[in-house]
Structures are given as C-alpha cells and as structure tokens.
Amino acid sequence: MRLQLVARWLFFVTLAVGFTPAFAEETVGKIIEKAKNLVDSDDPRAPGMDASGEPVVDPMREMQSNAIKKQAAPWGHWGSNPKKYSTWTNHSNRMVPLYTFGYTLNDLREQGSLYSSPERLQEHFGRVDEQTLNSNASYHDQTDVYDLQMAAAKSGKRHVILMVFDGMDWPTTRAAALYHNRSNRYDTGRGTGLLIQDYRGTKTDFTFLVTTPFASSAKVDVNSQTITAPNNQSTGGYSPRHGGRMPWHEQSRRDYVIGQDRLVPHTVADSAATATSLMSGVKTYNGSINVMPDGTHAVPIAQALQADGFKVGSVTSVPVSHATPAASYANNVIRQDYQDISRDLVGLPSSSHRNDPLPGLDLLIGGGWGEGTGADKSQGENFMKGNKYFHESDRDALKKNYAEGKPGSYVLVERTEGRPGADVLREATEKAIAEDARLVGFFGTKGGHLPFQTADGNFNPTFDVKGTERYTQADVVENPTLSDMTQSALQFLSAPKKGTDERSKFWLLVEAGDVDWANHANNLDSSIGAVLSGDRAFASIVNWVEENEAWDDAAVFVTSDHGHFLVIENVDAISNAAKKAAAASR
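Every value quoted in this text rests on a predicted model; they were computed, and no experiment measured them. (Residues numbered from 1 in each chain as written. Predicted model: local features only at pLDDT ≥ 70, side-chain atom pairs only at ≥ 80, totals over all residues. Heavy atoms only, no water.)

S.K.: What's the story with the overall build of the chain in this structure? I'm lost.
M.R.: Counting its secondary structure elements, the chain contains 20 helices and 14 strands. Counting only residues that meet the buried cut, the chain has 63% of its 586 residues in that class. For the chain, the proportion of contacts with a sequence separation of at least 24, taken over those separated by at least 6, is 74%. Put simply, the chain shows about 21800 Å² of open surface, and 47% of that area lies on carbon and sulfur atoms. (Helix = DSSP H or I, 4+ residues; strand = E, 2+ residues; numbered from the N terminus. Buried < 20%, exposed > 50% of the residue type's maximum accessible area, 1.4 Å probe, protein only. Contact = heavy atoms within 4.5 Å. Areas by Shrake-Rupley, 256 points an atom, 1.4 Å probe, with all protein chains shown as cover.)

S.K.: Where do I start with the pairing of strand β8 (residues 311-319) in this structure?
M.R.: In the case of a regular strand, side chains alternate between the two sheet surfaces. Burial of β8 is extensive: nine of the nine residues sit out of reach of the surface. With six bridges connecting them, β8 and strand β12 (residues 506-512) associate as parallel partners. By the bridge assignment for β12, G313 is matched with L508. Where β8 lies against strand β9 (residues 363-367), four bridges are found, and the strand directions are parallel. The partner of V315 across the bridge, within β9, is I365. (Pairing = 2+ DSSP bridges.)

S.K.: So what exactly am I meant to see when it comes to the sheet that holds strand β2 (residues 96-101) here?
M.R.: Backbone hydrogen bonds hold the strands of a sheet together, and the pairing may be parallel or antiparallel. As summarised here, the arrangement of the 10 strands in space is β3-β5-β2-β13-β4-β12-β8-β9-β11-β10, forming an open sheet in which the pairing is mixed. Strands at the two margins of the open sheet, each flanked by one partner only, are β3 (140-141) and β10 (410-414). As paired elements, β9 and strand β11 (residues 438-442) share four bridges and run parallel to each other. From the neighbouring strand, G366 faces β11, where its bridge partner is F442. This element, helix α6 (residues 143-154), spans β2, β3, β4 (159-165), β5 (204-210), β12 and β13 (554-559) of the sheet and lies at about 160° to β4. (Axes fitted to C-alpha atoms, helices over the stretch in contact; angles between N-to-C directions.)

S.K.: Looking at this structure, how should I read the nonpolar core?
M.R.: General note: in soluble globular proteins, nonpolar side chains tend to be found buried as a group. The biggest cluster of nonpolar side chains holds 94 residues, and the ones touching the most others in it are L524 and I528. When residues in this core are grouped by element, the largest group, 11 residues, is from helix α19 (residues 524-547). Not counting residues within four places of it along the chain, the set of residues in contact with L524 comprises M60, Q64, W75, W78, Y85, A175, L566 and I574. The next biggest cluster of nonpolar side chains, apart from the first, holds 48 residues, and it includes Y103, V145, I289 and L305. (Core = buried A, V, L, I, M, F, W, Y, C linked by side-chain atoms within 4.5 Å.)

S.K.: How should I be thinking about the packing of aromatic side chains in this particular structure?
M.R.: We describe a pair of aromatic rings using the distance from one ring centre to the other and the angle between the two ring planes. Summed over the entire model, instances satisfying the criterion amount to 17 aromatic pairs. Ring geometry for F206 versus F208: centroids 4.9 Å apart, planes at 80°, classification edge-to-face. Each member of the pair, F206 as well as F208, is classed as buried. If you follow K311 out to its NZ or CZ, it ends over the ring of F492, 5.4 Å from the centre. (Phe/Tyr/Trp six-rings, centres within 6.5 Å; stacked < 30°, edge-to-face > 60°. Lys NZ or Arg CZ within 6 Å of the ring centre and 35° of its normal.)

S.K.: When you look at the confidence of the model for the chain in this model, what are you seeing that I'm missing?
M.R.: Atom-level detail of predicted coordinates should not be read off regions where pLDDT is low. Of all residues in the chain, 90% have pLDDT values of 70 or greater, and the mean over the chain is 90. Taken together, the stretch residues 1-47 has pLDDT below 50 and engages in 97 contacts with residues farther than four places along the chain or on a different chain. (pLDDT = per-residue confidence, 0-100.)

S.K.: For this particular structure, what's the right way to read unusual backbone geometry?
M.R.: Where the residue is not glycine, phi is negative for most of them; where a peptide bond is considered, it is trans in most cases. A positive phi angle, close to 60°, is found at R182, a residue other than glycine. Its location among the elements puts R182 in the loop between α7 (170-181) and α8 (195-198). With a phi close to 45°, E549 is a non-glycine residue in the positive phi region. In this structure, E549 sits in the loop between α19 and β13. Among the residues examined, E549 registers a relative accessible area of 73% and is labelled exposed.

S.K.: Help me understand the pattern of salt bridges, please; the structure alone is not making it clear to me.
M.R.: For side chains bearing opposite charge, pairing can occur when the charged atoms are close. Counted by the stated rule, this structure contains 17 salt bridges. Several salt bridges converge on common partners, so that one network encompasses D340, R343 and D394. (Salt bridge = Lys/Arg side-chain N within 4 Å of Asp/Glu carboxyl O.)

S.K.: Is there a simple way to think about the pairing of β11 in this case?
M.R.: By the criterion of burial, β11 is predominantly enclosed, with five of the five residues buried. The alternating pattern of β11 places R438, V440 and F442 on one face and L439 and G441 on the opposite face, and all of these are buried. Where β10 and β11 come together, five bridges link them in parallel fashion. From the neighbouring strand, E414 faces β11, where its bridge partner is F442. The handedness of the β10 to β11 crossover, carried by helix α15 (residues 421-434), is right-handed. (Right-handed = clockwise from strand over helix to strand, strands pointing away.)

S.K.: Is there a simple way to think about the environment of Y329 in this case?
M.R.: As for its position among the elements, Y329 is in the loop between α12 (323-327) and α13 (338-345). Of the residues examined, Y329 reaches a relative accessible area of 0% and is grouped as buried. Sequence-wise, Y329 and N290 are 39 residues apart; in three dimensions their C-alpha atoms are separated by 8.3 Å. Only 2.8 Å separates the side chain of Y329 from the backbone nitrogen of G360, close enough to count as a polar contact. (Polar contact = N/O pair within 3.5 Å; in protein donor to acceptor, adjacent residues only side chain to side chain.)

S.K.: What should I look at first to understand α7 in this one?
M.R.: Its 12 residues give α7 an end-to-end C-alpha distance of 16 Å, which sits within 8% of 16 Å, the value for a rise of 1.5 Å per residue. Summarising burial for α7: 11 of the 12 residues are buried, a large majority. Taken from the residues just after α7, R182 is the one with a positive phi, measuring 60°. (Expected span 1.5 Å × (residues − 1).)

S.K.: Which parts of the structure should I look at to understand the side chain of N479?
M.R.: Mapped onto the fold, N479 is located in the loop between α16 (473-477) and α17 (482-494). Classification of N479 as buried rests on a relative accessible area of 4%. Separated by 2.7 Å, the side chain of N479 and the backbone nitrogen of G444 make a polar contact. Among all residues touching N479, those that are not within four sequence positions of it are R415, G421, F443, G444, T445, L450, P451 and A474.

Structural data, given as structure tokens:
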C-alpha cells in the first residue's frame, strides 16, 4: 500500500528524505530523481497525506508542485519570461507598500516625495538622475520610514513598532489576499482581506515606497571593517516610465524591474541596504549593515532611541543576525559577518566595536539554532567554527554574565527538546521581567529559520527551485511562531520598570523573514503562508495595543524591504484553490 501511495504522490514525497536546505541549488531533475528513491523513508506519512496515509486535498500545494514539475503555470510565473514558470529568483526594484497605524503620512505629503525634489535626490544619491526625477511622484522612499519613526517618538509616542514583511511587494500581498478572500476583491490600491489592509481601530494611512540603494556593492575588508575601494558613484534610482507609477501599472515583462535594462540600469537592492534605509534613514551599498559608502557608521534607530531611554528589541522568523534584524542595531561592512553582528546585537565586543561594545538590544528573539559549519571565509579571520549565526561561545558568555548577576545580563532561552517553544519562551519572558534582566530567545530548524507555513496553515512545503524542506513534529512544536515571539516581545518590552506602574516606552522590530525565503524559491504556496503568518503576528500587535488601550501611545509601521518578481496571470486560480481546500475540509 505504501509503495502505491509513494508512486501516486511522487513529487510530494521528495520532502520525506529529510532536510534539504531551503537554498540548496538543486535542479528540478535532481529533485525528481531523489523522489524516486523514497520508498524506504522512515516516515510512514508523506507530505500531502493525513495520519492514515490518505491524500489531503491541498490545491495550492498541487499548483505549486505542478508549476515546478512542468516549468509552466497558466496562473502565473516568476520573472520576465511568461513562457516559463521560473526565470528569476532574486530581488526586484518594484515599489513596496507602507501601512501606518496610530500615525499618518501627513508630514510626508506636506513635504512631498523625495523623487520630486532635485535637492533631496542630490543629498541621497550624489546626483540627479533624469529617469528618476518625477515632479508628479506620489510615492515615497524607505528613508522616510526612518523619519516617520523618529517623528513619532519625538511627538510623544511611547511604543514605536516597525514590522517588515521581508520581500513582500504588491503582487505578493495580493496573492495572499486572493487566497484568504477566496475571491478577487481588488486590483489597485491598498487592498482588502488581510488585517494589515483592513484594520481601522485607529487612524491609518497607506503609500508605496521605492527600494533602491545607493550602489550595488563596495570592496570591503571584513577584518579591519573598512571600505577598501569606496564606491562614490551611485547607480540607484527608480524610473516610473519603466517600473510603473504604481505597482499595478508596471510593465511586468520588461527587464527593468530586475536591473537588466541596459539603457536604464538602476541597481536592485538587497535586504541589508534596504533595512539600513528603513532603520537609519540613509542610502548605502548592497551588503552594508549601517555602514555608509565612505566607511562611516550610520546610527540605527534602536541605538538612537535606546540612548533616549527606550527599551529596544528585535524579533525575526529567520536567523537573528540576518540582514534585517542586524540593521536594527549593528554596524558591519558586510551582512555575512553573522557572528560579529550577533555580538553587536547582544553587547559583546565585535570586529566593528572592539574596544567599546554597543550596549546591546534589550530583547532579541529569532532563528539560527542548531546550525554549524567548519569554515566561512566571508566572516573573516575571527570566525569560529560552530554556529555561524550566533556562536556557542558568545551564548556561553551571556550565560556566564547572567550566572554572575552582572548588570544588563540576559536570560537566554533556546529550543528545548520535548518542550513546546511557546511555553519555553513564555516562561523565560516572565523570568526576565521578574528579575529585571534582558532576554534572548534562540530557536529554529535546519537552515536557521522557523518552520515554513504554507497557504493552508500547515507546515509541509513542497519542492521548489531552491530545494525542499521537511519538518518533524518536534520542529513544529519546539519552535514558537512569529506571533508567539511578538507577544513575548511586547510583554517584555512594555513591562514597567521596578517601582513604577507605567508601561515602559519601547521600539520593536518584527520581521516576517520567511516571505523573502519563499519568494527566492519561487514557491507561491509558502509565500502565501508566510504572509498569512506575518498577518497573525500583526494581529498580536493590534491585540496588545487594544488590550492596553494604548493607541494614543503607539505608532505601528508595516512595510517591506524590497520586492521580487511574481506575475499573476490568473487571479481566479489562486482564489479557487482556496475555495476547493475549504470545501474539502468541511
């Protein structure tokens, strides 16, 4: 019977071989060949089947599997070639959404767009590009998000929250809304269906942002933390004629949005440069974590507000020292220097702050647990074999400081065998609050991230252009969700200081990083699941604010760092997949 099931579900059972890293460079042919040898798998249940071995109806998963198998899908594709499902797995320079809650964009509108101002273009890019200058620009820039957060804090907002759906552009958001709504309810504007689109419990606003960096790269020395060959010529910019004045206007089959138009070669941004713009308000080169093209350090908002008495924290569904959480606080010439970045995040001496380490975030929760490697040239001469994201010796140093009762020490909690991650994290949160300590939570599965949720809410992603993922029940249970992490962060950061009853003022980053990983893999099933998972984390934010009647004190900004290149050709196919799944579950 089992052989028959494997034969029927050949492509689903590629996952049962165990973990293949999400970014493993495997061809579709290799993945299919691997699936043929899975009849001896230890797991009697193949993904796509229930506990009794019967097939589970999951049309979205089947659509994704067939698209990879056939390299064609009538419902859409990734890249500029509509005849092939997958031709682009990198970022794009599409505009991304910005939703605000408890704070409006009136100041931005009064000031006008950066892209309509020659003076501001000169300030950020060192030049005024004719293709970029647009006197009628109604869109804004990611540097404005930094300005908005600082303005909110200066206006008296005591709880400033930035939520980043990494890699989520307008089509990605629309795909998730199509699935959630089970119908096509919009084709322009803010959209409807997701909580980030529909919430009206406070004043809210919406716009689009350009994501371009200063330049594509710079030559750096990770050991000395210096720029060895400064790139003084900016290649950043955004052409509305080529990329679209609004996301639904883009000429999606043109190569401009992926930086391959030779006549208008504007650089496509990475997550480091864009996160630096969001959290430090500056334009820099791809790969930089709060380091300017001339080598000087930018001051990210968490550093600035911490010095002004705010508690500061970072939560992510991917490794704690990846680009977005890194840019919330650290300084480094290159984003891949993970071990040193994590040292900045928790206040230990690092390659960029050797003699005068940063104070450290008050809270850091995310992934990276369980990873290990023997070499990593990108991290420089001080790399230590072991966990490349947050080294064991650095975690031991935090444990030692806590055991010795040093001021500012951390309660460190990690994924624990046999125990639900949500419970482990909640207990550590309560302990840190009771002891007036700081908090680090370190979790994850193979690859360093939380388990990837799919569109139907399960954790069984199918194969894609980057490989496959397979999770055990322990992987799912022993890790908290992004929503769990967000709830703990809000509870911890808002806890009154001893001797007072007033909630502490704080700044918090929440990153739904798995959206980006799914989009890199051209996996729409996982992408939709990641957006919906992030939307639940946003619900945790809203619930906390409402339960504490704190909208007068809170400003929440929800955005993305960059886009990808999903093109939806048939919106009904996505909504119908959700309808079929819902009908089958009744």
